[in-house]
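Survey of secondary and tertiary structure
If you want the building blocks of each chain, they are given just below.
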Amino acid sequence: MSILNYLWIIPALPLLGSAVNGFFGSKWPNKIVNAVAVGSTGLSFLAALEAVREFTHLAPENIPWVKQYFTWIIAGDFRAGFDLQIDHLTVVMLLVVTGVGWLIHIYSTGYMAHEGGYYRFFSYLNLFMFFMLILVLAANYVLLFVGWEGVGLSSYLLIGFYFLRKSAADAGKKAFIVNRLGDFGFMLGMFLLFRTFGTLDFVPLFAKATPMPADAMGHLGMFTVACLLLFTGACGKSAQLPLYVWLPDAMEGPTPVSALIHAATMVTAGVYVVARSHILFTHAPTAMFVVAIVGCATAFFAATIGLVQTDIKRVLAYSTVSQLGYMFLACGVGAFSAGVFHLMTHAFFKALLFLAAGSVIHAIGGEQDMMRMGGLSKKIRWTYLTMLTATLAIAGFPPLAGFFSKDAILLSAYQSEHGGRILYSFGLLTALLTSFYMFRLIFLTFHGKPRYDEKKVHVHESPKSMLVPLMILAVLSIIGGWMAAPAFFGPPDYFAKFLEPVFAQTAGGAEAAEAAAQALEIPLAIVAVVSALLGFAVAFWLYLKQPGKPAQLAKSMSGVYNTLLHKYYVDEIYAALIVKPLLWVSTSVLWQAVDVRAIDATVNGIAEGATDIGDGVRHTQSGNTRSYAVWVVIGALVIIAIIFWPYFRPATVGMVR
Amino acid sequence: MVPTHYYLILSAILFGLGVVAFIFRRNIITIFMSIELMLNAVNLAFVAFSRALNKLDGQVFVLFVIVVAAAEAAVGLGIIIVIARNRQSLNVERVDLLKL
């Protein structure tokens, strides 16, 4: 019995946990709810580990391992099955999702301990795990889309977890609706792929696509259109320009949700889809270029907004948007394994950052504004240390995880043929900004003088159930990058080697590039570290040495500052350009004109007409036998007339002749 | 030999009389009789065709019609007796319970 034949167990366990908690959890004490939720995800993690162990023993010709369970939809030539697939890319995602997901479940038992709706929270969280696992295990685009929509649903439910707060309910709606825009493109992309290739299963589809000629640069062929449509979906889910607006608002959800869904796993689904479809994307250089530009622009744009936010979770949210931009930048320049690698390391350190931020919020009694924190480092030692680790990792200090993944991306961007230098420059600038705003967060939160009311707020370290996941993630944030440690640190790039079977087709002419890469690696790494140090130094100077300086700067550059503080007024622009016209059209055209005057009027008119006709015809029902007889006679005469009519006419015609 | 269309014209006249009587008379017995008149007008047409075409089918039909008419007379008269008992009247205009 090999678990590879029973892959469905991995997603089924969280689904079971979700159902059990959802249906029965309301009457149970928290301990049982914990056991079900954490147990089911834990078992799922173990099952995933076992599956990966067996996967490594598979013969290369059996990879990707596809298991067909049952046919879900069949219509003409179209078949969509409940088919699960495991290959090297899936392995990475599977371990990240179940592993990080499990840690966050454990953390949540501590974080949510005093909240209402405890069972509801875990039921949703398990449901999310189910859909996310379906997403990464799916062997065709249709099943992937099921997971894709499912995680959107769970995200909506969890963002609006505190549904009594209007802002939370609104944020949930916003996330759902903005995602719908992207999904529209995703579905169109699927339709186009099916029309072209006649299948949506990954293996035959990519096999058919591989030998086809690629679209030329600047040419709008099938591949380019399909890839751009898929990328629209990815933009929505992974919060890229111009659809990123939902992610910062999604911070209304409980912090573990932000960590799991809006940092580590769900938002990376877009990157996963692009990486999964890399064969299509490499056939569409224009689409790749668009992906790279959008990724790069998002990375820079979001980082600049992150500079001035004061809500600790919002800083992290913009940081997430920015890091996702990095991943797309990597995919866009063809470095898919670097993108997936950053996805993994980002899952570690960003989940850690969010969880640590949650620990801070927990410690200080629900305050999220960094301007009312400060000086917390002594009081919550472990939270401070773990968060500092994550900050060093995201800022890109060697030898932590973020250094390697970011370095790999910047290197690939630098080597890109199309505008590589510009992409690289913006990437580097973003790295500097990242380092700055992350250290700004650290200094504002943990250093300096306390700016909260020390008499009222009793700062306390979080319980063990929260600290242990933090520590595990901290260790992962440190060592997570070593797998891909470039050659100059000794071991070869295991991560890229591991993913090679998946991305082999795209790594054409790898040896020449590798030689060039090795020569570039050290100078670029030094530049990256220097820029990270620069960011640190500026933050150190502004927020520790000259605490009055930031306010002065904000005043002297109030135009720039206010633009950044209001996030470039993007929400306002969207509201004015899209939401308001849409509301107007909906209210005065669709509702009051079309619905009331046309549709309702038609329906009511038909009903009234039927009543009127009935009223008229009713009088024929006189009850008088003889009147019925008259009708019978009239009817008989009419029938006779109809039957004999043709015989009269030829006779007259004949007479004329 | 009398031409067939004479029979048919007579049959049509009898049928027409039956229809008119059915519609305009109020007494149920009379109405009932006018139904019999119509049936027999049809019978006459059947027999006439049967003879003109030299086929027996028409005469067979006539026998059927007579049998059915007899059965109908039995049922119909029974209904008329019930109505007469319940309403002390044979006026068909009083029998309008089916009215809305």
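Everything numeric here is computed off the predicted structure, so don't read it as measured data.

Here's the deal with the overall build of chain A
- Check the secondary structure of chain A and you find 25 helices and 2 strands.
- In terms of overall dimensions, chain A has a C-alpha envelope of 115 × 65 × 60 Å along the principal axes.
- Evaluated residue by residue, chain A yields a buried proportion of 49% over its 657 residues.
- Long-range pairs, those at least 24 residues apart, make up 81% of the contacts in chain A between residues at least 6 apart in sequence.

Structural notes on the overall build of chain B
- Helix and strand counts for chain B come out as 3 helices and 0 strands.
- From first element to last, N terminus to C terminus, chain B shows the α and β order α-α-α.
- Relative to the globule expectation of 13 Å for 100 residues, the C-alpha radius of gyration of chain B, 17 Å, shows a markedly less compact shape.
- Each principal axis of the C-alpha atoms in chain B carries an extent, and together these give about 50 × 25 × 25 Å.
- Out of the 100 residues in chain B, the part that is buried amounts to 12%.
- Taking all contacts inside chain B whose residues are at least 6 apart in sequence as the whole, residues at least 24 apart take part in 49%.

Looking at the pairing of strand β2 (residues 78-86) of chain A
Residue and element names in this part refer to chain A.
- Both strand β1 (residues 65-75) and β2 contribute to a ladder of 9 bridges, which runs antiparallel. For V66, the partnering residue across the bridge sits in β2 and is Q85.
- Hairpin geometry of β1 and β2 is characterised by an intervening segment of 2 residues between the two adjacent antiparallel strands and by a positive phi of about 60 degrees at G76.

Focus: the nonpolar core
All names here are of chain A.
- Of all hydrophobic cores here, the largest spans 208 residues; its most connected members are L329, A351 and L352.
- Of all the elements, helix α15 (residues 336-363) adds the most residues to this core, at 18 residues.
- Among residues more than four places away in sequence, those in contact with A351 are V100, I104, A259, A263, A264 and L473.

As for unusual backbone geometry
- In this structure, P242(A) follows L241(A) across a cis peptide bond, with omega equal to 0 degrees.
- Along the chain, P242(A) falls in the loop between α8 (222-237) and α9 (246-249).
- A positive phi angle, near 60 degrees, is found at N54(B), a position not held by glycine.
- Mapped onto the secondary structure, N54(B) falls in the loop between α2 (28-53) and α3 (57-87).
- Note on N54(B): 6 C-beta atoms within 10 Å, which makes it exposed.

A short note on α15(A)
Residues and elements named next belong to chain A.
- Given a rise of 1.5 Å per residue, 28 residues ought to cover 40 Å, and the 39 Å separating the end C-alpha atoms of α15 matches this to within 8%.
- Along its length, α15 shows its largest kink, about 30 degrees, at H346.
- Counted residue by residue, α15 has 27 buried out of 28 residues, so it is predominantly covered.
- Once α15 finishes, G365 follows within two positions and takes phi at roughly 80 degrees, a positive value.

Remarks on the environment of L127(A)
- If you trace the backbone, L127(A) turns up in helix α4 (residues 118-137).
- The residues contacting L127(A), other than those within four sequence positions of it, are S18(A) and S154(A).

Observations regarding the confidence of the model for chain B
- Overall, the predicted model of chain B reaches an average pLDDT of 89, with 96% of residues at or above 70.
- Confidence metrics for the complex model read pTM 0.78 and ipTM 0.80.

As for the packing of α15(A) against helix α20 (residues 494-503) of chain A
Residue and element names in this part refer to chain A.
- Running from N to C, α15 and α20 point in directions that differ by 125 degrees, and their axes come no closer than 9 Å. As the angle between them shows, α15 and α20 are arranged oblique. Judged by the sense of rotation from one axis to the other, the crossing of α15 with α20 is right-handed. Where α15 approaches α20, its residues F336, S337, V340 and F341 are matched on the opposing element by F495, A496, L499 and F503.
- The residue inventory of the contact of α15 with α20, partitioned by class, reads 7 nonpolar, 1 polar and no charged.

Remarks on the environment of V529(A)
Residue and element names in this part refer to chain A.
- Here V529 lies in helix α21 (residues 510-545).
- You can call V529 partly exposed: it has 18 C-beta atoms within 10 Å.
- Through-space distance from the C-alpha of V529 to that of K567 is 28 Å; in sequence the pair is 38 residues apart.
- Once residues lying within four places of it in the same chain are set aside, the contact partners of V529 are G396, F397 and P398.

Digging into the packing of helix α3 (residues 88-111) of chain A against α4(A)
Residue and element names in this part refer to chain A.
- The N-to-C vectors of α3 and α4 enclose an angle of 175 degrees; their axes lie 10 Å apart at closest approach. Our classification of the angle between α3 and α4 gives roughly antiparallel. Along the contact surface, α3 presents T90, M93, L94, V97, G101, H105 and S108, while α4 presents L125, M129, M132, L133, V136 and L137.

Regarding the environment of R85(B)
Residue and element names in this part refer to chain B.
- Positionally, R85 belongs in helix α3.
- A tally of 8 C-beta atoms within 10 Å means that R85 is categorised as exposed.
- With 48 residues separating them in the primary sequence, R85 and L37 have C-alpha atoms 26 Å apart.

Cut-offs applied
Residues numbered from 1 in each chain as written. Chains lettered and ligands numbered in written order. Predicted model: local features only at pLDDT ≥ 70, side-chain atom pairs only at ≥ 80, totals over all residues. Helix = DSSP H or I, 4+ residues; strand = E, 2+ residues; numbered from the N terminus. Buried ≥ 20, exposed ≤ 12 C-beta atoms within 10 Å, placed from the backbone. Contact = placed C-beta atoms within 7 Å. Rg over C-alpha atoms; globule rule 2.2 N^0.38 Å. Pairing = 2+ DSSP bridges. Core = buried A, V, L, I, M, F, W, Y, C linked by C-beta atoms within 7 Å. Expected span 1.5 Å × (residues − 1). Bend = angle between axes of the 7 residues up to and from the residue. pLDDT = per-residue confidence, 0-100. Axes fitted to C-alpha atoms, helices over the stretch in contact; angles between N-to-C directions. Parallel < 35°, antiparallel > 145°, perpendicular 65-115°, else oblique. Left-handed = near helix turned anticlockwise from the far one by under 90°. Nonpolar A, V, L, I, M, F, W, Y, C, P; charged D, E, K, R; others polar.

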